[in-house]
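Examination of the molecular architecture
Listed below are the residues making up each chain.
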Amino acid sequence: MTRALISQGPMPGDSAVPFVDMTADLAGVELPSPVLTASGCAAAGRELDQFFDITSIGAIVTKSVMLQPRSGRPTPRMAETPSGMLNSIGLQGPGIDRFIDHDLAWLADRGARTVVSIAGGTVDEYAKLAARLRIVRGVSAIEVNISCPNVEDRGQVFACDPNSAASVIQAVKRHSDPRMPIFAKLSPDVTDIVSIAASVVRAGATGVSVINTLLGMVINADTMRPHLAGVTGGLSGPAIRPVAVRCVWQIRQAFPDLPIIGMGGIRTGLDALEFVLAGANAVSVGTVVFHDPSAPLRIHEELQRALAERGFGSLADAVGYAHRPPDVTAEVDDDLDFITE
Amino acid sequence: MPVQVKGQVLDIRRAGAYQVLSLTAPGISELTRPGHFVTLGIGGEESSMLLRRAFAIHQVQSRGVYGGTLDVVIGVHGKGTRWLVDRRRHDPIDIVGPLGRPFVLPKERVACVLVGGGYGSAPLFMLAEQLRERGCRVDVVLGASTEEKLFGALELKRLASTLTITTDDGSLGERGRVTDVLPELMDRVDGAVVYACGPMPMLQRVAEVAQERQAYSQCAVEEAMACGIGVCMTCVLPIVGEDGVTRMLRSCAEGPVFRGDRVRWAEVGTIPPDTLGAPTEGGHR
């Protein structure tokens, strides 16, 4: 009777998950799982490795690193919102040199695949970061966080202007190993995300990461002032998921073959499936980690199960499946076997 | 190393203005040291409240019919804590812990003064027991705005050589603040270490009192956290390192217990200009 009170919950891998080929292909980089962490929600992997084997997921996407060490913004840096949260950290970080020696080296020793997220205030800073990363090992891909204010353009965010976004990507591409996949992380705070995607693709981006947080704000009813010290912050979590799915859908529609990492409020395998069906080749899970530190592995297993239940033999078969012509929809159940062969 | 477990509510009971929540926490209670904390998932798996709530571990039992169990003390401040105190026996709770760096214990048999503000006294019980086991003299000061908001006075009285109580309204003990009585107590018992948990202004003053007497202080801070495990960078405060350099450190990972003389108390909530990587020319871009 007493043992029944102590439930450990299902342990990873202890229940048989039907076989599905979960290999994700990101522009030639083969990942054993399509589930990645999201930049800024996994630091550099160490902390999460206490809760699940970080080598078992697709990759760790590290917190955006800048050239110099950076203190970030004052507190409060965070506010809980309905099904989400606002953050205004201000890219606190160790700077690229310490990151390479300390974090990247650890990730490589650990055997984790790593996508390095970089951020800068000028095009030149991005170029220097790319050049620094060119000479180190253990980088599977670079994700370029272009949701930063451009100090040379009155603080206009790179990601919100097609030309600024393109100049950053061009600079990163030029200074990176030609074989290094470059993903541009796009902001949803634009009128037409497809035109920004088109611009970064023309500039040489291998793929896109969709989406970054949405700009939001909370007023504290007690102090009657903005709650965050940084006034505004990035909204993340399940609250933004429909926006993210829409962005992935629109970009997949415009670019049938572009590698897309989908993200925004993924909490379960079914959420991840939505992104895959909308056209994502892989997904990043972010804010859910704050709620459930072992979520990345759980979501991988739930996604695998969800794919199997729908008759998919491989993840690749499900990518963009929601875009199939409507006449197929009528008899989806009967046709599944045919489609996935 | 922290673990994530599905625990269950064993008991929830009122204690003055607070509630004490007892949970099964197999694998956590065995590893717990005084000053460690846990985070609890709020609202179940489909919750709209994504952020876990952090609580200092009050008591643990690592053996017995339920395996490991632990107690936390909850003050209801909002929707999340309200949800927690509305739980019933056998309800599941997702627990992560033990987290953070615990109190550092003295190697020698020195006199220790423990200071708790409000339910900040919660982690001091285990600490008092362990200090006593080491042969340290333990004196305790508890303070709150009013009698109802004191936590655990009776039990701490058993563990301590002396217990001094202060309340802002004078409803119990001396009228005033814990830091009003602390200097005299420190001098009387020749206190070598002060351990404190409570609101930031109290911790700041405790650290000052200790420093004035060349005593050590170990302060457990309360900062708003999102993840509790060191990945989100929301719970930072300015800490001076051994090298004299100020860094914004995470209270969940490098804390919650800091040496009082390392914390730049007056500048908590800001980025002091000489912090490593501090913004220049009008703020971070």
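Residues numbered from 1 in each chain as written. Chains lettered and ligands numbered in written order. Predicted model: local features only at pLDDT ≥ 70, side-chain atom pairs only at ≥ 80, totals over all residues. Heavy atoms only, no water.

Overview of the interface of chain A and chain B
Applicable threshold: Any pair of residues with heavy atoms lying within 4.5 Å of one another is described as a contacting pair. The quantity reported as buried area is the accessible area (1.4 Å probe) lost by two parts once they are put together, taken as the sum for both. We define a salt bridge as a side-chain nitrogen of Lys or Arg found within 4 Å of a carboxyl oxygen belonging to Asp or Glu.
At the junction of the two partners, chain A supplies 49 residues and chain B supplies 50 residues. For the pair chain A and chain B, the summed buried area comes to about 4,100 Å², and 60% of that belongs to carbon and sulfur atoms. The interface formed by chain A and chain B contains two salt bridges. Residue Arg-53 of chain B pairs with Glu-80 of chain A through a salt bridge whose shortest N-O separation is 2.8 Å.

Regarding a negative patch on the surface
To be explicit about the condition: Any residue with relative accessible area above 30% and no salt bridge may belong to a patch, with like charges joined within 9 Å and the nonpolar Val, Leu, Ile, Met, Phe, Trp and Tyr side chains within 5 Å. Residue burial considers only the protein chains on display, and all accessible areas are found by Shrake-Rupley using a 1.4 Å probe. Just so you know, the count uses Lys and Arg for positive and Asp and Glu for negative, and it drops His and the chain ends. A single reference atom marks each charge: NZ on Lys, CZ on Arg, CG on Asp, CD on Glu. Put simply, DSSP H or I for four residues or longer makes a helix, DSSP E for two residues or longer makes a strand, and each gets a number counted from the N terminus.
On the surface, a cluster of negative charge is made up of Asp-21, Asp-25, Glu-30 and Asp-317 of chain A. As for its position among the elements, Asp-25 of chain A is in strand β1 (residues 24-26).

Here we look at the sheet that holds strand β13 (residues 214-216) of chain A
Residues and elements named next belong to chain A. Quick reminder of the rule: A pair of strands is treated as paired once DSSP finds two or more bridges between them. Axes, fitted as lines to C-alpha atoms, cover a helix only where it is in contact. Angles between the N-to-C directions of the axes lie from 0 to 180 degrees.
Strand order in this open sheet of four strands is β5-β6-β16-β13, and the pairing throughout is antiparallel. Edge positions in the sheet fall to β5 (78-81) and β13, since each has one partner strand and no second. Looking at each pair of strands side by side, their axes are set apart by 35° on average, direction ignored. Sheet topology note: the β13/strand β16 (residues 233-236) ladder contains three bridges and is antiparallel. Directly across from Leu-215, in β16, lies its bridge partner Gly-234.

Thoughts on the pattern of salt bridges
Put simply, the rule is: Only protein chains enter the accessibility calculation, which uses a 1.4 Å probe. A residue is then buried if its area is under 20% of the maximum for its type, exposed if over 50%, and partly exposed in between.
For the structure shown, the criterion picks out 33 salt bridges over all chains. The closest approach of N and O atoms between Asp-103 of chain A and Arg-46 of chain A, which form a salt bridge, is 3.2 Å. Here Asp-103 of chain A, found in helix α2 (residues 96-110), pairs with Arg-46 of chain A, found in the loop between β3 (35-37) and β4 (60-61); they are 57 residues apart in sequence, far enough to count as distant. According to the relative accessible area criterion, Asp-103 of chain A is buried, its value standing at 10%. Across the salt bridge formed by Arg-259 of chain B and Asp-261 of chain B, the nearest N and O atoms sit 2.8 Å from each other.

A closer look at the domain arrangement of chain B
Residue and element names in this part refer to chain B. Our working definition: The start and end points of each domain follow an automatic or database-based domain assignment. Counting of polar contacts relies on pairs of N or O atoms within 3.5 Å, with two restrictions inside protein: one atom must be capable of donating a hydrogen and the other of accepting it, and residues adjacent in sequence are counted only when both atoms are side-chain atoms. Gly is put with the polar residues, along with every residue not named as nonpolar or charged; the nonpolar set is Ala, Val, Leu, Ile, Met, Phe, Trp, Tyr, Cys and Pro, and the charged set is Asp, Glu, Lys and Arg.
When the domains of chain B are assigned, the result is domain 1 (3-99), domain 2 (103-220) and domain 3 (225-285). Just the C-alpha atoms count here: the centres of domain 1 and domain 3 sit 28 Å apart. Each side of the interface is counted separately: domain 1 has eight residues, and domain 3 has eight residues. Summed over both partners, the interface of domain 1 with domain 3 buries about 540 Å², with 71% contributed by carbon and sulfur atoms. The largest contributions to the domain 1 side of the interface with domain 3 come from Phe-37, Leu-51 and Leu-99, which together make up 56% of the buried area. Viewed at the interface, domain 3 and domain 1 are joined by zero residue pairs in polar contact (both at pLDDT 80 or more). Within the residue set of the side of domain 1 that touches domain 3, elements represented by two or more residues are β3 (37-40) and β6 (92-99). Looking at the side of domain 1 that touches domain 3, its residues break down into five nonpolar, two polar and one charged.

Quick word on the environment of Ala-144 of chain B
Residues and elements named next belong to chain B. Checked against the element boundaries, Ala-144 lands in strand β8 (residues 138-144). Considered as a pair, Ala-144 and Asp-168 are 24 residues apart in the sequence and their alpha carbons are 6.5 Å apart. For Ala-144, the contacting residues outside a window of four places in its chain are Gly-118, Lys-149, Leu-150, Thr-166, Thr-167 and Asp-168.

Digging into the sheet that holds strand β18 (residues 282-285) of chain A
Whenever strands of a sheet pair, they do so through backbone hydrogen bonds, lying parallel or antiparallel. All names here are of chain A. Judged by pairing direction, the sheet is parallel, and its eight strands sit side by side in the order β3-β18-β17-β12-β11-β8-β7-β4 without closing on themselves. The strands lining the two open edges of the sheet, one partner per strand, are β3 and β4. With three bridges joining them, strand β17 (residues 260-263) and β18 adopt parallel strand pairing. Note that in β18 the partner of Gly-262 across the bridge is Val-283. With respect to the sheet, helix α5 (residues 193-202) is in contact with β11 (182-186) and β12 (207-210), its orientation differing from that of β11 by roughly 155°. Against the sheet, helix α9 (residues 295-309) engages β3 and β18, with an angle of about 165° to β3.

Focus: helix α2 (residues 124-133) of chain B
Residues and elements named next belong to chain B. Looking only at α2, the buried set comprises Leu-124, Phe-125, Met-126, Leu-127, Ala-128 and Leu-131. The inward-facing, buried residues of α2 abut β4 (53-61), β7 (112-117), β8, α3 (153-159) and β11 (193-197). Just past α2, the residue Gly-135 takes up positive phi, approximately 85°.

Digging into the layout of surface pockets
Selection rule: Grid spacing is 1 Å over the protein atoms alone, the probe is 1.4 Å, and a cavity is where that probe fits but cannot get out, while a pocket is an open set with protein on both sides within 12 Å along at least five of seven lines and lining residues have an atom within 4 Å of a point. Grid points are joined across faces, edges and corners, and a volume is the space filled by probe spheres set on the points.
A volume near 1,800 Å³ is recorded for the largest pocket. The wall of the largest pocket is formed by 50 residues, among which His-77, Glu-222, Glu-223, Ala-224 and Met-225 of chain B lie closest to the centre. Elements supplying a minimum of two residues to the lining of the largest pocket: β5 and β14 (219-220) of chain A together with β4 and α1 (79-85) of chain B.

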